[in-house]
Amino acid sequence: MADNSYRAGFACFVGRPNAGKSTLTNAIIGQKIAITSNKPQTTRHIIRAVLHRPESQLVLVDTPGLHRPRTLLGERLNDLVRATWSEVDVIGLCIPANEPVGKGDTFIAGEIAALKATVVAVVTKTDLVDKETLAKQLLAVTALGEFADVVPVSAVANSQLDTLVDVMVGHLPKSPQLYPDDMLTDEPEHVLVGEMIREAALEGVRDELPHSIAVLIQEIIPEDGLTKVYADIYIERQSQKAIMIGARGARLKEVGTKARLQIQELLGTKVYLDLHVRVAKDWQRDPRQLRRLGF
Ligand SMILES: Nc1nc2c(ncn2[C@@H]2O[C@H](COP(=O)(O)OP(=O)(O)OP(=O)(O)O)[C@@H](O)[C@H]2O)c(=O)[nH]1
């Protein structure tokens, strides 16, 4: 009977930076929840999304990429990634179709092989390669480890996403429903709003700046049809402030407009956004500052 076949559990996508994990998560959920960017290492918060189907519930957890830690923040991120990996039922190891399998992939495949989770290899960005290249990549990926399945997908072309979900659900344990039907994510609103501001603030800045940006939401005040959001953008050095704000505040204004539109979409109300840029000297190396900024 239906009750006996119900499956539910946790899954996450792992892979080297830029492998397409966040984009894939977004595409599967069909709504902008995890934050994507073409700069590596921008996913900082674990964000769960719950995918409801009549016979199953797949809880997706979004993790940052594992990387060589250079700062305290880097170390904390890696701990966070490993803690998540050890708690999930299914892991999707993402490897882009358009880049050769490399040391980074081998390292991650080795790390997850020891876990209890079932590992599914996901070859991402298949829209970027021809059939022959894809076939070769599927072989290379298969040789990388013991995978329960290997699934090629394209988040951008919306190809094979249902197949991937079916495969992942198939590896979930039999379990009663874990979350109520109407729940999409258990992430507090302010984290999602903060990430949207961070994403807007990252756009178009020099390569070394992304790591130096953090967003702290001071307050979210819902009023009749309007939500007031007060937030601070933190950077590490005084010299970065000018870049962030731009000539006569033009850049910050752009960031605010972009973020506001996104937040309006998320919250479904009009949004008033109050943004300030502040300097928290070397916050990535300071445990006290890291805690304050939510790491
Ligand atoms: N053409 C194409 N590009 C994609 C696809 N999926 C992701 N990308 C692009 O690849 C880049 C990285 O994607 P993300 O989803 O941010 O990658 P990530 O693995 O979450 O990256 P980190 O947060 O750095 O770990 C972005 O520029 C995406 O637009 C895809 O299916 N097709």
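Residues numbered from 1 in each chain as written. Predicted model: local features only at pLDDT ≥ 70, side-chain atom pairs only at ≥ 80, totals over all residues. Heavy atoms only, no water.

- You'll find the protein chain entered in an unreviewed UniProt entry as GTPase Era, with Catellatospora methionotrophica given as the organism.
- A UniProt comment under Subunit (unreviewed entry) is attached to the protein chain, and it reads "Monomer." (UniProt positions renumbered as here; feature names shortened; annotations may be inferred.)

Re the overall build of the protein chain
Stage number 1. Check the secondary structure of the protein chain and you find 10 helices and nine strands.
Stage number 2. Buried positions account for 49% of the 295 residues belonging to the protein chain.
Stage number 3. Here the analysis covers contacts within the protein chain between residues at least 6 apart in sequence; of these, 70% occur between residues at least 24 apart.
Stage number 4. Looking at the protein chain as shown, the accessible area adds up to about 14400 Å², and 51% of this sits on carbon and sulfur atoms. (Helix = DSSP H or I, 4+ residues; strand = E, 2+ residues; numbered from the N terminus. Buried < 20%, exposed > 50% of the residue type's maximum accessible area, 1.4 Å probe, protein only. Contact = heavy atoms within 4.5 Å. Areas by Shrake-Rupley, 256 points an atom, 1.4 Å probe, with all protein chains shown as cover.)

Considering helix α7 (residues 189–202)
Stage number 1. Helix length check: α7 (14 residues) gives 20 Å between terminal C-alpha atoms against 20 Å at 1.5 Å per residue, within 8%.
Stage number 2. Counting buried positions along α7 yields 12 of 14 residues, so the element is predominantly enclosed.
Stage number 3. Two residues or fewer after α7 comes Gly204, characterised by a positive phi angle close to 75°. (Expected span 1.5 Å × (residues − 1).)

So, the packing of helix α2 (residues 21–29) against helix α6 (residues 161–170)
Stage number 1. For the pair α2 and α6, interaxial distance at closest approach is 10 Å and the crossing angle is 95°. Here α2 lies roughly perpendicular to α6, going by the angle between them. Along the contact surface, α2 presents Leu24, Ala27 and Ile28, while α6 presents Leu161, Leu164 and Val165. (Axes fitted to C-alpha atoms, helices over the stretch in contact; angles between N-to-C directions. Parallel < 35°, antiparallel > 145°, perpendicular 65-115°, else oblique.)

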